[in-house]
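# Chains, contacts and geometry: an overview
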Amino acid sequence: MNDAPAIAITDAAQRREALDPARSFIVQAPAGSGKTSLLTQRYLTLLAIVQSPEEIVAITFTRKAAAEMRSRILEALRNARAASPDSDHARATWDLARSALDHDQRQGWDVLSHPARLRILTIDALCGSLVRQMPVLSGFGAVPATADDATELYRLAARETLNALEQGEKWSPAVERLLRHLDNNLAQLEDMLANMLASRDQWLRHVAAGRERKLLEAALRNAISDALTDVMKAIPAAIGKRIVELACFAASNLDEESTSSLRQWGDRASLPGNEIADVPAWHAIADLLLTDKGTWRKKADKNIGFPTSSAAKDKESKALYQTRKQQLEELIAELECIDAGQPGELLRARLAELRRLPAARYSETQWQVLEALFELLPIAVGYLKLVFGERGQVDFSEVAQRAAEALGSPDAPTDLALALDYRIKHLLVDEFQDTSFGQYQLLERLTAGWQAGDGRTLFVVGDPMQSIYRFREAEVGLFLRARHSGIGSVRLTPVTLSVNFRSQAGIVEWVNACFARVLPAVEDIAAGAVPYSESIASHAAEGHCAVQVHPFLINDTNGEAQRVAELVRQTRQSHPGGTVAILVRARSHLAGIALALKEQGLRYRAIEIEQLGHRPVIQDLLALTRALLHPADRIAWLAILRAPWCGLALADLHALGGADHDAPIWDLINDEEHIGRLDSDGRLRVHRVREIMRAGLAQRRRRSLRRWVEGAW
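Residues numbered from 1 in each chain as written. Predicted model: local features only at pLDDT ≥ 70, side-chain atom pairs only at ≥ 80, totals over all residues. Heavy atoms only, no water.

## Some details on the overall build of the chain
Looking only at helices and strands, one finds 30 helices and 10 strands in the chain. Against the compact-globule benchmark of 27 Å for 713 residues, the chain has a radius of gyration of 34 Å, which places it well outside the compact range. On the principal axes, the C-alpha backbone points of the chain span a range of 105 × 80 × 75 Å. When each of the 713 residues of the chain is scored for burial, the buried share is 42%. Considering only residue pairs separated by 6 or more positions, the chain has 72% of its internal contacts joining residues 24 or more positions apart. (Helix = DSSP H or I, 4+ residues; strand = E, 2+ residues; numbered from the N terminus. Rg over C-alpha atoms; globule rule 2.2 N^0.38 Å. Buried < 20%, exposed > 50% of the residue type's maximum accessible area, 1.4 Å probe, protein only. Contact = heavy atoms within 4.5 Å.)

Written as structure tokens, this is what we have:
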């Protein structure tokens, strides 16, 4: 948070409220709103009232975030020994840290000398700690190592599962059915199973409870009904009557050979409802108003029931055809204007979505495949546990699942859960919008015995507008659910921050204008739909255009890279002392940009962007290593002679080895007859490198690989 904001903090009252140590809160903190500072202040507030620092547990999602929070708290405690600062925000933090430091001295903790007493850890570290405390209940015994990349373990488990095909196991028919579905592609089925095992925390509970066809098809019907209801709400009543009139006209003009869904409209006198039987009628409305690509229809034609004037048999019919076409065009223009004021073109998007709705029932073929998956997936999970045991390794998902088991259930808590219930008084959770269902369940079990007014509090902070971990089953709907209903027995007071301390007003206003149109207008817990919450800039506008868009409407990677490089060059010229950042969606998008920057002589720093193996110095090092390990590796030896430490020309390399494609290069450079084919400069270079490599090869098996290669280097 900026210590000297340009304007008053308009949400100061909400920030003060969130520091009440007797209440639980859920804080929506948009980007740049000082979330970490608020968490730090909350932690310092609690540190001034607890009996021991271990009663406070702060949970983050990354080690970096945990380290930053710990660093800020310790820095605030150290600064509390100095004089009070001038700025209001810094003074507020100083006052809280001073109270915490005084309490620390009274209790004799000496946190500054023993910072490990501050329990600030990642969610994975918390799960690991729970498992270690209850090895029997977690089912682990001695806690195995956690693999950062468990891909090979998933693949082994998938392979073991599929081996049942020829072993006559009970699930062999399920494997056979899935193979038939995939056209007997065993490798594809193995890949699919391995990928499913990697995300088993997302589906395992559903597989256990979802084998009843009626329940699954009921879920399909509910999803369809909800989608239809959303469309009904998006159509104003007056416009609905006009749509019905035009749909009836269109349906009456379609012959039996027409494939348009408008043929199914019939003689309806009103808009369809939200029942399954109403889906065809809604498809008809979508076809009436939208093109096949899902955009607003620009003109009406005979294919959707609007004949041309030339097809009219009399003047009255001709006038009617013209009038109806004009009415449809006016209606669509009006709908387009209404939609222009809605985020994401609300009605058009929902009408287009209707075409992608699933059927209300599974076909027999689909259900057979689902049944095979229901049978096979738990078996694959069982094999994965065996692989974990054999290898002595697990993944993070397994640790989280076992941690939940170690806590028991809310109705039957384990000794560990009861002990934690006694020890943990205050729980703080950062980036709550990225919480998965399993992690949400873990929080429920950690707070299962809490009651209102018992002195224990839960404080969760996040921004559902910037959730990034949907691929890990981070469910934004959980944030909305917690805000409305709390977590377990803990009810949370909602607080929304609005001041942005990071960006100037021009940027904040541009983001407000754009994202209010991108994000949905109405909150929807089931769909995880989050409306945009506007921010207020703390820093005044800087007087120039804050955001400029340089669109490339076609896929022109080279042109885009050249434009980026030119913008960087112009910016460096106008702001010699400034810095420029280039952000892209994926690392692969930077390849062309990096090349364009090099061509223009612009130096840059790419952190974890350019692959290490692509750097010339690393390629030379690898060539040297391969040459020492295998003297017959011609490519490695040619690379050594071409590298900067030797620098033979390509003509010299050809003269040396071009006539003999079989002999090792090492033998050739030890043959003076072959070396004599080089010019004088080439001979000097080869003689120097030959002596160094001869000394290096003499150290084979006498030194470690690292020392051996380093000595030659």
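After that view of the structure, there is still more to cover.
## Describing the pairing of strand S7 (residues 457–462)
The two faces of a sheet get side chains in turn, since along a regular strand they alternate between them. The buried fraction of S7 is high, at six of six residues. Of the two faces of S7, the one carrying Thr457, Phe459 and Val461 and the one carrying Leu458, Val460 and Gly462 are both buried. Direction of pairing for strand S1 (residues 25–28) relative to S7: parallel, over a ladder of four bridges. Paired with Gln28 across the strands is Gly462, a residue of S7. Direction of pairing for strand S6 (residues 426–429) relative to S7: parallel, over a ladder of four bridges. Bridged to Leu428 within S7 is Phe459. With helix H19 (residues 437–446) bridging S6 and the parallel S7, this β-α-β connection has right-handed handedness. (Pairing = 2+ DSSP bridges. Right-handed = clockwise from strand over helix to strand, strands pointing away.)

## Looking at the packing of aromatic side chains
Per the stated rule, a full pass over the model turns up 11 aromatic pairs. An angle of 70° between the planes, with centres 6.2 Å apart, marks the rings of Trp367 and Phe374 as edge-to-face. In this structure, Trp367 and Phe374 share a single accessibility class: buried. Every member of this aromatic cluster is reached through a ring pair, and the members are Phe249, Phe306 and Tyr321. (Phe/Tyr/Trp six-rings, centres within 6.5 Å; stacked < 30°, edge-to-face > 60°.)

## A closer look at empty space enclosed by the protein
Here the structure, examined in full by the defined rule, presents one cavity of 30 Å³ or more. Broken down by secondary-structure element, the contributors of at least two residues to the lining of the largest cavity are strand S2 (56–60) and H19. By residue class, the composition of the lining of the largest cavity is five nonpolar, three polar and no charged. (1 Å grid on protein atoms, 1.4 Å probe; cavity = no way out; pocket = protein on both sides within 12 Å on 5 of 7 lines; lining within 4 Å. Points joined across faces, edges and corners; volume = space filled by probe spheres on them. Nonpolar A, V, L, I, M, F, W, Y, C, P; charged D, E, K, R; others polar.)

## Section: the environment of Thr45
You can see Thr45 is positioned in helix H2 (residues 35–47). Residue class for Thr45 comes out buried when judged on its relative accessible area of 12%. Counting along the chain gives 452 residues from Thr45 to Leu497, while the straight-line C-alpha distance between them is 19 Å. Filtering out sequence-adjacent residues up to four positions away, Thr45 remains in contact with Leu19, Pro21 and Leu96.

## So, the layout of surface pockets
To find leftover empty space, one rolls a probe the size of a water molecule over the atoms. Approximately 1700 Å³ is the volume found for the largest pocket. Lining the largest pocket are 28 residues, with Ala546, Val547, Gln548, Ala581 and Leu583 sitting closest to its centre. Contributing elements (two or more residues each) for the lining of the largest pocket: helix H21 (505–518) and helix H22 (557–574). Ranked by residues supplied to the lining of the largest pocket, first place goes to H22 with six residues.

Everything listed here is a matter of geometry and, on its own, says nothing about what the molecule does.
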